[in-house]
Structures are given as structure tokens and as C-alpha cells.
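Observations on the model geometry
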Amino acid sequence: MMSMIWFVMIVGGVAIALVNGKVDIVNQVVIQHSQEAVTFAIGLTGIMAVWLGLMNIAEKSGLIQSMSKAMGPLIRLIFPEIPKNHPAISAIMMNMVANMFGAGNSATALGLKAMEELQQLNPQKDRATNSMCMFLVINMSSIQLIPLSVLKIRADAGSVNPTEIIGATLVATTVSTVVGILVCKLMERK
């Protein structure tokens, strides 16, 4: 559906440019913004590579396992269906840590790993479990301690103080995550 919406918007924009005789502007925009998109993607790839590397080191060093143990009571409260010491817990923790530090692009790969682990526990493979739904809500709302991607975008856009949003981001993402967890827990009872 989204592909169709984008297609209609692009074709509509080009058609309006043709009608108004402004095709040269379309060409300029495509060339300029294509270059900007590549530069932006390379910058995000750098951030993603660093965070995936750090998460891999954290996992192999046992840091993720230690964090999982420390946050164990909270994780068991939120995800009661997951057995203790199951690999899904580590995958969820790595995803949450990546999201907390604003490496959402890196968190995607970690989130896919967590979902694979949760799917192994799923008795009905064609239906999401409560834990899968809860993880998706937490992943999407994710508390952000340091929103790296947004800070990079703000810095690239010339912001005088790109870090001024950290406090507001922390409050907003904490509220959204808590509300998401509460709504999921209410829906689980139905």
C-alpha cells in the first residue's frame, strides 16, 4: 500500500511539473537530493556499523547477559511467557539497548533476531504471541537516552545545539513506552 502511495505522489508531482512547464526543477531536485540521500545513508551506515559492532562485543563479553540478569525481574514481568535464560531475552535486551542509544537502524537487525527467537517459542506459528506483540510495542516506542540518528540529522542540518532535544526525547519516549506496555498488558487480559 505504501508503495502505491509513494508511486501516486511521485507521478502526480511529475505530472504537475509537466503541466506547469517546470520539468527542469524536477531534474534539479532529483539530482541534488539523490546526492544528499547517498551522503545521509553513508553517515547512517557508519553509525549502524559502530553500534552493531559494539552490540556484538557486548554480547560476546557477557555484558548483555549481565544486563539481562540485572533487568531479569522487569523482563519476566513484561514477558512472562519467555523461559528464564532463553536466547530471546538476550536478543530483546540487545535490541532495547540499541534503541535506548538511538541506534534504531542497528536495532532493526537485533529486533529481527529477537522475533526469530520468540517465534521458536510460538506454538501457533501463524499467530503472534503476547510476548511478540509486547516486544513490537516496546521496540516501536523505545525509550531513547541518546537519540543518535536524530542528533546526526540535526547536526547535518546546521543546528546550533543538536543535543537540546535529549531531555524532551527522554520524557516523550518514556511516557510512550510505559503507556504502550500498560495497553499491551490490558489487551493480554482480553
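In what follows, the accompanying structure is described.

Thresholds applied
- Residues numbered from 1 in each chain as written.
- Predicted model: local features only at pLDDT ≥ 70, side-chain atom pairs only at ≥ 80, totals over all residues.
- Heavy atoms only, no water.
- Axes fitted to C-alpha atoms, helices over the stretch in contact; angles between N-to-C directions.
- Helix = DSSP H or I, 4+ residues; strand = E, 2+ residues; numbered from the N terminus.
- Parallel < 35°, antiparallel > 145°, perpendicular 65-115°, else oblique.
- Left-handed = near helix turned anticlockwise from the far one by under 90°.
- Contact = heavy atoms within 4.5 Å.
- Nonpolar A, V, L, I, M, F, W, Y, C, P; charged D, E, K, R; others polar.
- Buried < 20%, exposed > 50% of the residue type's maximum accessible area, 1.4 Å probe, protein only.
- Patch = residues over 30% accessible without salt bridge, like charges linked within 9 Å, V, L, I, M, F, W, Y side chains within 5 Å.
- Areas by Shrake-Rupley, 256 points an atom, 1.4 Å probe, with all protein chains shown as cover.
- Salt bridge = Lys/Arg side-chain N within 4 Å of Asp/Glu carboxyl O.
- Core = buried A, V, L, I, M, F, W, Y, C linked by side-chain atoms within 4.5 Å.
- Expected span 1.5 Å × (residues − 1).

1. Let's talk about the packing of helix H7 (residues 130–141) against helix H9 (residues 166–188)
Relative to each other, H7 and H9 sit at 165 degrees, their axes nearing to 9 Å. Here H7 lies roughly antiparallel to H9, going by the angle between them. Considering only the axes of H7 and H9, their crossing is right-handed. Of the residues in H9, those touching H7 at Asn130, Cys133, Met134, Val137, Ile138 and Ser141 are Thr173, Ser176, Thr177, Gly180, Ile181, Cys184, Lys185 and Glu188. Looking at side-chain class alone, the contact of H7 with H9 contains six nonpolar, six polar and two charged residues.

2. Quick look at the environment of leucine 145
If you trace the backbone, leucine 145 turns up in the loop between H7 and helix H8 (148–156). A residue is classified by how much of its surface remains accessible, and leucine 145, at 34% relative accessible area, is partly exposed. Taking the C-alpha atoms as reference, leucine 145 lies 9.5 Å from valine 171; in sequence the two are 26 residues apart. Those residues in contact with leucine 145 that sit more than four places away from it in its chain are Met100, Phe101, Ile166 and Leu170.

3. Describing unusual backbone geometry
Glycine aside, residues mostly have negative phi, and peptide bonds are mostly found in the trans state. If you check the backbone angles, asparagine 85 has positive phi at about 65 degrees while not being a glycine. Structurally, asparagine 85 can be placed in the loop between helix H4 (72–78) and helix H5 (87–100). Among the residues examined, asparagine 85 registers a relative accessible area of 57% and is labelled exposed. Of note, serine 142 is a non-glycine position whose phi angle comes to about 20 degrees, a positive value. You can see serine 142 is positioned in the loop between H7 and H8.

4. A look at the packing of H5 against H7
Contact pair H5 / H7: the axes reach a minimum separation of 9 Å and the direction vectors enclose 20 degrees. With respect to each other, H5 and H7 are oriented roughly parallel. Like other packed secondary-structure pairs, H5 and H7 cross with a definite hand, here left-handed. Here Ile92, Asn95, Met96 and Asn99 of H5 come into contact with H7, specifically with Phe135, Ile138 and Asn139.

5. Here we look at a nonpolar patch on the surface
Residues Met1, Met2, Ile5, Trp6, Met9, Ile10, Val14, Leu18 and Val23 make up a contiguous nonpolar surface patch of about 960 Å² in total accessible area. No other element matches helix H1 (residues 2–19), which puts seven residues into the nonpolar patch. Within the fold, methionine 2 resides in helix H1. Methionine 2 sits in the exposed class, given a relative accessible area of 53%.

6. Observations concerning the nonpolar core
Core analysis: the biggest nonpolar cluster contains 29 residues, and Phe79, Ile82, Ile92, Leu118, Met134 and Ile138 have the highest contact counts within it. Put simply, the parts of the chain that give this core at least two residues each are helix H2 (23–61), H4, H5, helix H6 (104–121), H7 and H9. Per element, the largest residue contribution to this core is nine residues, and it comes from H5. If near-sequence neighbours (up to four positions away) are discounted, isoleucine 92 is found in contact with Phe79, Ile82, Ala114, Leu118 and Phe135.

7. Brief notes about H1
Given a rise of 1.5 Å per residue, 18 residues ought to cover 26 Å, and the 26 Å separating the end C-alpha atoms of H1 matches this to within 8%. Of all 18 residues making up H1, only one are buried, and the element is barely covered by its neighbours.

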